[in-house]
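What the coordinates show
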Amino acid sequence: MTHCESMSLIEFQQRFPDDEACENYLFEARWPNGFHCPKCGHDYFYFHSSYGLLQCTNSNCRHQTSLTAETIMRKTRTPLYKWLWAIFLYSRDKRGISATTLRKQIGVSHWGAWTMLQKIRKTMVSKDSRHMLDSLIEIDDAFIGHGGKRGRGTKKAKVVVSASITEGGKPQFAQMDVVSDHSQASFLSHVQKSVVNGGKIKTDGFKGYNKLSDSAYTLR
Ligand SMILES: [Zn+2]
């Protein structure tokens, strides 16, 4: 969750006082430029508040999606503000909050608190260990070390770096791997571990990257 580590308890409570505030937050996070049907690309929807569902108004589509789809809150019966509160408490205490403390803080059953913590912990661990880059990615090969020959062909440690960037070129997240060589196979293996299928990859035109377009990626 964005910057919640740096928020105070009072700021957090003011920002997320109820489920409606949480729904607005999830909506903004998923569609920062307004709703866009994931199936047909239509821009309008009905919101079924009692089910938390958004339905595309295109009569040929009527695709339904939920604000919590593809999140740890998917199909939850626990109110959203309790979830965000739990994520907030978890991220503030690096040693890990216990299920007993969480149960008391947010008013859920012990089992509820325990399963929420399991899900939060799993997401945090997998997010920290490998964040998969999506949309537009810039890839570069580089060398780490001092002295010696410069450029491709040197004896320094070889690395491949991928960074997700905004359309304006601003970097967001990056992944780096130390590789044995700057071969097509090394680039492909790094990209498969770091970039979601279908990602658009910007390169400096080096021919070693060409193989990426034979896989699930588009080169730009
Ligand atoms: Zn649609």
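Relevant structure appears above.
Residues numbered from 1 in each chain as written. Predicted model: local features only at pLDDT ≥ 70, side-chain atom pairs only at ≥ 80, totals over all residues. Heavy atoms only, no water.

**Considering the coordination of the zinc ion**
Filter applied, for reference: Each metal's donors are the N, O and S atoms within 2.8 Å of it, or within 3.2 Å when it is Na, K or Ca, and because water is not part of the set, sites may look incomplete. Sites are called tetrahedral only when four donors show all angles between 85 and 135 degrees, square planar or octahedral only when four or six donors show opposite pairs over 155 degrees and all other angles between 65 and 115, and irregular in any remaining case. Using a 1.4 Å probe on the protein chains alone, a residue whose accessible area is under 20% of its type maximum counts as buried, one over 50% counts as exposed, and one in between counts as partly exposed.
Ligation of the zinc ion by protein atoms is provided by Cys-37 (SG), Cys-40 (SG), Cys-56 (SG) and Cys-61 (SG), these donors lying 2.3 to 2.4 Å from the ion. Geometry at the zinc ion is tetrahedral, judged from the 4 donor atoms that bind it and their angles of 103 to 113 degrees at the metal. Considered as a linear motif, the donors of the zinc ion on their single chain read C-x2-C-x15-C-x4-C. The burial state of Cys-56 is the same as that of Cys-61; both residues are buried.

**Some details on the pairing of strand β5 (residues 157-165)**
Note the threshold: Helix and strand definitions follow DSSP, with helices as H or I runs of at least four residues and strands as E runs of at least two, each counted in order from the N terminus. Strands were regarded as paired on the criterion that DSSP finds at least two bridges between them.
Among the 9 residues in β5, 7 count as buried, and that is most of the element. Relative to β5, strand β4 (residues 136-144) runs antiparallel, the two sharing 8 bridges. Bridge pairing in β5 links Ile-137 to Ser-164. Bridge analysis of β5 against strand β6 (residues 171-179) gives 7 bridges, and the strand direction is antiparallel.

**What to know about unusual backbone geometry**
Negative phi values dominate among residues other than glycine, just as trans dominates among peptide bonds. Backbone geometry places Arg-62, a non-glycine residue, at a positive phi of 55 degrees. Take Arg-62: it is sitting in the loop between β2 (53-56) and β3 (64-66). Here Lys-75, not a glycine, exhibits a phi torsion of approximately 55 degrees, which is positive. Examined against the element boundaries, Lys-75 turns out to sit in the loop between β3 and α3 (80-92).

**Quick word on the packing of helix α2 (residues 19-30) against α3**
The cut-off we apply is this: Under this scheme, a helix contributes an axis fitted over its contacting stretch, all axes are lines through C-alpha atoms, and angles between N-to-C directions fall in the 0 to 180 degree range. The scheme is simple: roughly parallel for angles under 35 degrees, roughly antiparallel for over 145, roughly perpendicular for 65 to 115, oblique for anything else. Any two residues having at least one pair of non-hydrogen atoms within 4.5 Å are treated as being in contact. Residue polarity follows a fixed list, in which Ala, Val, Leu, Ile, Met, Phe, Trp, Tyr, Cys and Pro are nonpolar, Asp, Glu, Lys and Arg are charged, and the others, Gly among them, are polar.
Orientation of α2 relative to α3, taken along the N-to-C sense of each, is 70 degrees, at an axis distance of 8 Å. Put simply, α2 runs roughly perpendicular to α3. Residues Asp-19, Cys-22, Glu-23, Tyr-25 and Leu-26 of α2 form the contact with α3, whose participating residues are Leu-80, Tyr-81 and Leu-84. Of the residues assigned to the contact of α2 with α3, the class counts are 6 nonpolar, no polar and 2 charged.

Spatial relationships are all this shows, so hold off on functional conclusions.
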